[in-house]
Amino acid sequence: MIKQILLRRAAQAAFVAWGVGTLTFIMMRLLPGDFAYRIAAGRYGYDYVSQAAAEAVRADLGLDRPAIVQYLEWLLNLLRFNLGDSLVSENPVTQELAHQLGSSLELAVFASFFALLIAVPVGLYAGRHAGGAGDRLSLMVSVILRAQPVFVIGLLMVLAFSLKLGWFPVAGFGSSEYLILPALSLALTLAAISSRMIRNSTCDVLASPFYRFARFKGLTEQQAFTHHASPNIALPVVAFVSIQAINLIEGIVMIESLFSWPGIGHALAHAIFARDVPMIQGAALVMGLIFVAINTVADLIVFKLDPRQREETLS
């Protein structure tokens, strides 16, 4: 079964690599403006760019070739695990992404950790006291947070904790204090949804026949909850968290740009403005593969937690 999961996800990763790269290539071609002029501006600055510089860049990078030739060249390089060179910095894309990937992963890990730290206790409490004041309050806070784009939450955090209270820097990168606000901004968005999912899963399990039977057997509420409820609450939550990874990746792009965090999302935004197609394709490809990797880990965790899947494999 584990082998099937890994093979299925490997096929999905290959499809994502081709699909993301192809869509990115087509969409960038549909953007208005002169490609070579924007790349020349990225290299030399808008004050020094000229038509002659744009023509030189066009000839240097082969942008005057047919689009299909450039696309097939990218596809062939992808099969060789070569993402090409940045059109602006002229460094290998893999080198640029390797430098930025660590920062993005650091932000994603801390945001997920903070989100679980908030969502799990809030969701469990609301589920065990469904209909109570705590449940209604958590629902109201969740609805308010879910209604806000992640960059609005980030701006409010900056206004409150940086400009008003002066506890954290507005933006930048370096010591751990720069990480708190961007990670919390992402975490609040994720926790708003996850806490309701955990709450609903808890309600379903506590109302299930197997949980009531555990109580009839004489187990205390804590024993029944620990041994019978917790594993069954975790199953749908793990599956949902993997789906929510797409929200995390989307949020990273906006939050990194807002807080000037030097990750892949920040680099992707700059690459789009500069029409740096290899960087855009590489950054989008890495984000797609991260999504597949998160789902693979979630599949393996669910397989480990759910005895029904293991029994199906043995039968």
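Analysis parameters
Residues numbered from 1 in each chain as written. Predicted model: local features only at pLDDT ≥ 70, side-chain atom pairs only at ≥ 80, totals over all residues. Heavy atoms only, no water. Axes fitted to C-alpha atoms, helices over the stretch in contact; angles between N-to-C directions. Helix = DSSP H or I, 4+ residues; strand = E, 2+ residues; numbered from the N terminus. Parallel < 35°, antiparallel > 145°, perpendicular 65-115°, else oblique. Left-handed = near helix turned anticlockwise from the far one by under 90°. Contact = heavy atoms within 4.5 Å. UniProt positions renumbered as here; feature names shortened; annotations may be inferred. Core = buried A, V, L, I, M, F, W, Y, C linked by side-chain atoms within 4.5 Å. Buried < 20%, exposed > 50% of the residue type's maximum accessible area, 1.4 Å probe, protein only. Patch = residues over 30% accessible without salt bridge, like charges linked within 9 Å, V, L, I, M, F, W, Y side chains within 5 Å. Areas by Shrake-Rupley, 256 points an atom, 1.4 Å probe, with all protein chains shown as cover. Salt bridge = Lys/Arg side-chain N within 4 Å of Asp/Glu carboxyl O.

**Some thoughts on the packing of helix H8 (residues 177–206) against helix H10 (residues 221–243)**
Here's step 1: Their axes nearest at 9 Å, the elements H8 and H10 cross at an angle of 140 degrees. On the basis of the axis angle, H8 is oblique to H10. Every pair of crossing elements has a handedness; the one defined by H8 and H10 is right-handed. Residues Ile193, Ser194, Met197, Ile198, Ser201, Thr202, Val205 and Leu206 of H8 form the contact with H10, whose participating residues are Phe225, Ala229, Asn232, Ile233, Pro236, Val237 and Phe240.

**Considering the UniProt feature "domain: ABC transmembrane type-1" (unreviewed entry) in the protein chain**
Here's step 1: The UniProt record marks residues 101–302 with the feature "domain: ABC transmembrane type-1" (unreviewed entry), using the residue numbering of this structure.
Here's step 2: Between the C-alpha atoms that bound residues 101–302 there is a distance of 27 Å. The span itself is 84% helix and 0% strand.

**A few points about the nonpolar core**
Here's step 1: Judged by nonpolar contacts, the single largest core of 33 residues is most densely connected at Leu107, Leu186, Ala229, Ile233, Leu248 and Ile255.
Here's step 2: Listed by contribution, the elements that provide at least two residues to this core are helix H5 (93–128), helix H7 (150–164), H8, helix H9 (209–216), H10 and helix H11 (245–258).
Here's step 3: In terms of residue count, the dominant contributor to this core is H8 (10 residues).
Here's step 4: Ignoring sequence-local partners within four residues, the contact set of Ala229 consists of Val205, Tyr211 and Ala224.

**Regarding a nonpolar patch on the surface**
Here's step 1: Among the surface-exposed residues, Phe113, Leu117, Ile118 and Val122 lie close enough to one another that they form a single nonpolar patch of about 340 Å² accessible area.
Here's step 2: Position of Phe113 relative to the elements: it lies in helix H5.

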